[in-house]
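# Structure assessment
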Amino acid sequence: MGIMSKYKISLIEGDGIGPELAASAKKILETIHDTTETKFEIKQVSAGDNALVKYGKALPDFTVNDIKNSDACLKSPVGEFAADVIIVLRRMFDLYANIRPAKSYPNIKGLYDDVDLVIVRENTEDVYIGWEFNLDDDTIIALRLATKRASERIAQYAFKVAEFRNKNNKKVTAVHKANVLRKSDRLFVNSCKNVAQKYPNVQFNDSYVDACAMNLIRNPQDFDVIVTTNLFGDILSDEAAQVVGGLGMGPTANIGDNFALFEPVHGAAFDIAGKDVANPSSLILSAKMMMEWLSSKNKDNKILEESKKLESIIISMLQENKKTIDIGGKLSTTEFTENVIKKLKEYY
Ligand code: NAI
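A brief look at the structure comes next. (Residues numbered from 1 in each chain as written. Predicted model: local features only at pLDDT ≥ 70, side-chain atom pairs only at ≥ 80, totals over all residues. Heavy atoms only, no water.)

## With respect to the site of the ligand
In the region of the ligand, 19 residues are neighbours, and Glu-80, Gly-267, Ala-268, Ala-269 and Asp-271 sit closest. Ala-268 places a main-chain nitrogen or oxygen 2.8 Å from an oxygen atom of the ligand. One nitrogen or oxygen atom from the main chain of Asn-279 is found 2.9 Å from a nitrogen atom belonging to the ligand. Notes on the ligand: free accessible area 820 Å², of which the protein chains cover 68%. Among the residues making up the shell around the ligand, the classes are represented as 10 nonpolar, 4 polar and 5 charged. (Near = heavy atom within 4 Å. Polar contact = N/O pair within 3.5 Å; in protein donor to acceptor, adjacent residues only side chain to side chain. Areas by Shrake-Rupley, 256 points an atom, 1.4 Å probe, with all protein chains shown as cover. Nonpolar A, V, L, I, M, F, W, Y, C, P; charged D, E, K, R; others polar.)

Right, here's the structure in full:
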């Protein structure tokens, strides 16, 4: 991407605390736009409970068009109709890789202070395909989908993540239950093993999901990249988020071959909506992941530098105890955002 090109970002404002977080992230991206050679064109788009009320659809067609016309989507949480937005978008854009980092940040109370791992979750198969049938009134059968193609492409993605990360001991751990799910998870773990052979500089091992759930609490420092199937990934990533101190700091990425969507791990938090107390870090760190992805997709080192600066600013905020209420600080959403913007401007 040339210096003067702009990245088109579609920004879903969402419900509950969504608009407050979206306003914060927008101001921060605009500051990067104003002060660096990284340029954004941000279009706010409507989706979620508010869109359902206004337009009769949680994900209106014009929103889909705006998202299709953008380079990446940054999404604030939506409310009760989240499934009608996020699951539809994941399928529509074939966003097969769900990436959830769990990282210790300074002055955040977690179980440990030295965790830095990433969960790479397969996003399109498993029991989440929703193939559930009544055999009779009292008996339901639910089907699980596993293909070599999807297992290999998620494994491939996990190894690429491991290569991208700045760790000395790069490692991918495939998490499964192949002793019980003898066909579907055996296929998954064998696919991971096949892909591992192409990455001799990354260690590979595998673990049963129950052992992994225990070790995430006992010695999470041993993990680097975890690759796993949809349901296990869903559960383990919430566990990992708690190990490093909760939801307010958690970003997530939904990535496909041509498009990607970035959002906080948490929901619309209606209990604190409109009070200017929400922690915007989850969406700011989602924007940081978005910049990393744009960097590798467009071979743009400048935006990678901006993403690193943004994360280092969030870290320096925490080190100075400039925190929002959910993580033991006193700052409002607006004050936190203003401080980040001040630091961004001072950087140059
Ligand atoms: P939630 O994640 O919205 O909130 C759980 C708790 O964490 C609440 O006490 C909330 O105040 C707190 N919290 C969450 N994010 C925070 C932040 N940034 N700063 C400070 N505190 C924060 O979960 P809940 O209450 O179960 O769901 C609320 C709504 O969100 C539901 O309608 C649900 O459908 C939707 N949802 C949407 C998702 C999405 O858009 N991808 C994902 C999960 C839930």
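## Some thoughts on the pairing of strand S4 (residues 97–103)
By the criterion of burial, S4 is predominantly enclosed, with 5 of the 7 residues buried. As paired strands, S4 and strand S5 (residues 116–122) are joined by 7 bridges and run antiparallel to one another. If you follow Lys-103 over to S5, its bridge partner there is Asp-116. (Buried < 20%, exposed > 50% of the residue type's maximum accessible area, 1.4 Å probe, protein only. Helix = DSSP H or I, 4+ residues; strand = E, 2+ residues; numbered from the N terminus. Pairing = 2+ DSSP bridges.)

## Considering a nonpolar patch on the surface
A surface patch of nonpolar side chains, amounting to about 480 Å² of accessible area, comprises Trp-131, Phe-133, Leu-135, Ile-141 and Leu-143. Position of Leu-135 among the secondary structure elements: in strand S6 (residues 132–136). (Patch = residues over 30% accessible without salt bridge, like charges linked within 9 Å, V, L, I, M, F, W, Y side chains within 5 Å. Salt bridge = Lys/Arg side-chain N within 4 Å of Asp/Glu carboxyl O.)

## Section: helix H5 (residues 148–164)
Residue pairs spaced three or four apart in an α-helix point in one direction, given the helix's 3.6 residues per turn. Taking 1.5 Å per residue, 17 residues should reach 24 Å; H5 reaches 24 Å between its end C-alpha atoms and fits that length. When we look at burial in H5, the residues that qualify are Ala-150, Ser-151, Arg-153, Ile-154, Ala-155, Tyr-157, Ala-158, Phe-159, Val-161 and Ala-162. (Expected span 1.5 Å × (residues − 1).)

## So, the sheet that holds strand S9 (residues 203–208)
Spatially, S2-S1-S3-S12-S11-S4-S5-S10-S8-S9 is the arrangement adopted by the 10 strands of the open sheet, whose pairing is mixed. Edge strands, defined here as strands with exactly one partner in the open sheet, are strand S2 (39–45) and S9. When strand polarity is set aside, the average angle formed by the axes of neighbouring strands in this sheet is 25 degrees. As defined by bridge partners, strand S1 (residues 6–12) adjoins S2 across 7 bridges and the pair is classed as parallel. Bridging from a neighbouring strand, Leu-11 pairs with Gln-44 of S2. Helix-sheet contacts for H5 involve S4, S5, strand S8 (171–176), S9, strand S10 (225–228) and strand S11 (251–255), and the interaxial angle to S5 is about 160 degrees. Strands in contact with helix H9 (residues 281–298) are S1, S2, strand S3 (72–75), S4, S11 and strand S12 (260–264); relative to S12, the strand with the most contacts, it is inclined by about 160 degrees. (Axes fitted to C-alpha atoms, helices over the stretch in contact; angles between N-to-C directions. Contact = heavy atoms within 4.5 Å.)

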